[in-house]
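# Fold and contact review
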Amino acid sequence: MRYLKIIFSLILINLLDKEIASITYPYFIIFPLTFLGYSFYVYKSNSNIGSSEAFFTGLFIDLISDSFLGLNAIFFCLITYFINIYANVFKLFSYLQICIFFGLSSSAYVGLSQMIINIWNFSYVTLFMSALFNIILCILIAILSAYLPYFTKPRL
Amino acid sequence: MARISPTRGQKLIFIIYILLGVGILYLDIISNNFQSVKNGFKSFKISSSYFLNQITIEQIKKLAERSKSKKFLIKENEMLKEALDLSYLNNYLISKENNFYKDHEIIKYAAQDKNYQSSYKIAQLRSFDPNTFNCCDRHRMFVEVISDNNEDFNEFMVFNASGIIGQIIHTNKYSEVLLLTDISHYTPIKSSTNDFFCNAQGSGRSEIIICTYNPSVEDQEIIAGHIFYTSGLGGIYPKDIEIGKVDKVIKIDSTTVELEIKLSANPVSNDLLGVIKY
């Protein structure tokens, strides 16, 4: 039941992701909301997320977003792996450090996925703009979380 | 509560899954092994969204129409719009004054040619992702060809009122259209003077295809604004149909020049499309 809830949430986030992409893309910005949403779920989870859960969730996202099969499966496995390893270390980090981690990981996602799905028109401008945008946005969310904890507290 | 660090076995399973993902990704990029799975899922997605749309949004719309007592007018308007779209498609194919043809008299020869099929099938646009179209290399759309028979529409040309937009590459309940701008698509084209031929590759950008040639081999110099036509050499598209105009001429080095050709046809300009086999 919990897994179905996650899948349903990711479907909705993916739809929102597509809507946002059409707005941000003309400004050379790619905001990987589905990837960040999943990362947030893994980060906030009380227990470690299994590799098979990460893999099949990624594969499902590949199917619904019509990208190459395996693309999101790899990234979801990688981010789950890193978050599982550093889950306890994150507690020693400041908000800023965590924001930079998620901002940079989403930039890595943008860069690597663009290298696979858009190699002919790969743009460094898009990569740098996306990195900047994602890091700033993560910091803004962290500030929101610090000042308005009631509204941003996860209820998963 | 502290989370337990993954054990060596768990890390190993992660690595196995990542390698499996890399394998699947590699297979998907180099082959069409997963195409049927993807198309099946796509068909399911389109059908279910169509069904959900019919039972929710359309019902609300109908209710609003009834309350306004304009149902008849709306229906008539829809019919007129459809008839107008059809007339645009017909015009594209049969009009002697057609601007798309290089040779305006071509229709006379076509009528004499026994291989020419005057009829074409109508297709409705069912799915098109504008984000992928604007950002990425894969430019595809899904259409539903209106036909009673269970025909295979592979290699059928797809056009709309503004010109050729691509070809069907996979037929299921919905047919997948490979657009001219997809990087895996090559369109055989020629210049208006019939002395310059080229295979123009899709650029992965909307409305642009790219033709690369060696200027030391070609006598003719191509400048911006030059019109290109289909050469008919690929066997999919008929010859002498306008494809687009040269937008930019980029000199890569002394032996390579790239022509960026802006297409005449926009794939999203109309929901109603024509499908024909030449």
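Note: the structure precedes this text.
Here we summarise the structure given alongside this text. (Residues numbered from 1 in each chain as written. Chains lettered and ligands numbered in written order. Predicted model: local features only at pLDDT ≥ 70, side-chain atom pairs only at ≥ 80, totals over all residues. Heavy atoms only, no water.)

## Remarks on empty space enclosed by the protein
All told, the structure shown has 4 cavities of 30 Å³ or more when counted by the stated rule. The space that makes up the largest cavity amounts to roughly 110 Å³. As for the largest cavity, its lining consists of Asp66(A), Lys42(B), Ser127(B), Phe128(B), Asp129(B), Thr132(B), Phe133(B), Arg138(B), His139(B), Arg140(B), Met141(B) and Phe142(B). Contributing elements (two or more residues each) for the lining of the largest cavity: strand E1 (121-128), helix H6 (130-135) and strand E2 (140-145) of chain B. Ranked by the residues each element gives to the lining of the largest cavity, the list is headed by E2(B), at 3 residues. A class-by-class count of the residues in the lining of the largest cavity yields 4 nonpolar, 3 polar and 5 charged. Taken as a whole, the second largest cavity spans an internal volume of roughly 60 Å³. (1 Å grid on protein atoms, 1.4 Å probe; cavity = no way out; pocket = protein on both sides within 12 Å on 5 of 7 lines; lining within 4 Å. Points joined across faces, edges and corners; volume = space filled by probe spheres on them. Helix = DSSP H or I, 4+ residues; strand = E, 2+ residues; numbered from the N terminus. Nonpolar A, V, L, I, M, F, W, Y, C, P; charged D, E, K, R; others polar.)

## Details of the sheet that holds strand E6 (residues 186-191) of chain B
Residues and elements named next belong to chain B. An order of E6-E7-E8-E11-E10-E9 is seen for the 6 strands of this closed barrel, with the pairing classed as antiparallel. Averaged over all pairs of adjacent strands, the angle between their axes in this sheet comes to 45 degrees, without regard to strand direction. Pairing of E6 with strand E7 (residues 197-202), which is carried by 5 bridges, proceeds in the antiparallel orientation. Note on E7: the bridge partner recorded for lysine 190 is phenylalanine 197. (Pairing = 2+ DSSP bridges. Axes fitted to C-alpha atoms, helices over the stretch in contact; angles between N-to-C directions.)

## Section: the interface of chain A and chain B
The figure often quoted for interface size is the accessible area lost as the parts come together. Tallying the contact residues gives 41 residues for chain A and 35 residues for chain B. Buried surface at the junction of chain A and chain B, summed over both partners, amounts to about 3500 Å²; 62% is from carbon and sulfur atoms. A per-residue breakdown of the area chain A buries against chain B is headed by Phe68(A), Leu69(A) and Trp120(A), which together make up 18% of the total. The shortest N-O distance in the salt bridge between Lys42(B) and Asp66(A) comes to 3.7 Å. Where chain A touches chain B, the interface holds 8 residue pairs in polar contact (both at pLDDT 80 or more). (Contact = heavy atoms within 4.5 Å. Buried area = accessible area lost by both parts, 1.4 Å probe. Salt bridge = Lys/Arg side-chain N within 4 Å of Asp/Glu carboxyl O. Polar contact = N/O pair within 3.5 Å; in protein donor to acceptor, adjacent residues only side chain to side chain.)

## Some remarks on the nonpolar core
In terms of nonpolar packing, the biggest core is built from 43 residues, with Tyr38(A), Phe55(A) and Cys77(A) touching the most fellow members. Broken down by element, the residue count for this core peaks at 9 residues, all from helix H4 (residues 71-86) of chain A. Contacts of Phe55(A), omitting those with residues within four sequence positions, involve Ala73(A), Cys77(A), Tyr17(B), Leu20(B), Gly21(B) and Ile24(B). Core analysis: the second largest hydrophobic core is formed by 27 residues, Phe159(B), Ala200(B), Ile261(B) and Ile276(B) among them. (Core = buried A, V, L, I, M, F, W, Y, C linked by side-chain atoms within 4.5 Å. Buried < 20%, exposed > 50% of the residue type's maximum accessible area, 1.4 Å probe, protein only.)

## Description of helix H2 (residues 35-55) of chain B
With 21 residues, H2(B) should cover 30 Å at 1.5 Å per step; its first-to-last C-alpha distance of 30 Å lies within 8% of that length. Among the residues of H2(B), Gln35(B), Lys38(B), Asn39(B), Phe41(B), Lys42(B), Ser43(B) and Ile46(B) are the ones counted as buried. Check the buried side of H2(B) and you find it contacts helix H3 (51-65) of chain A together with helix H1 (8-30), E1, E2, strand E4 (163-171) and strand E5 (175-179) of chain B. (Expected span 1.5 Å × (residues − 1).)

## Quick word on the environment of Ile100(A)
Along the chain, Ile100(A) falls in helix H5 (residues 95-117). When the C-alpha positions of Ile100(A) and Gly50(A) are compared, they lie 25 Å apart, and in sequence the two are 50 residues distant.

On their own, these measurements won't tell you what the molecule is for.
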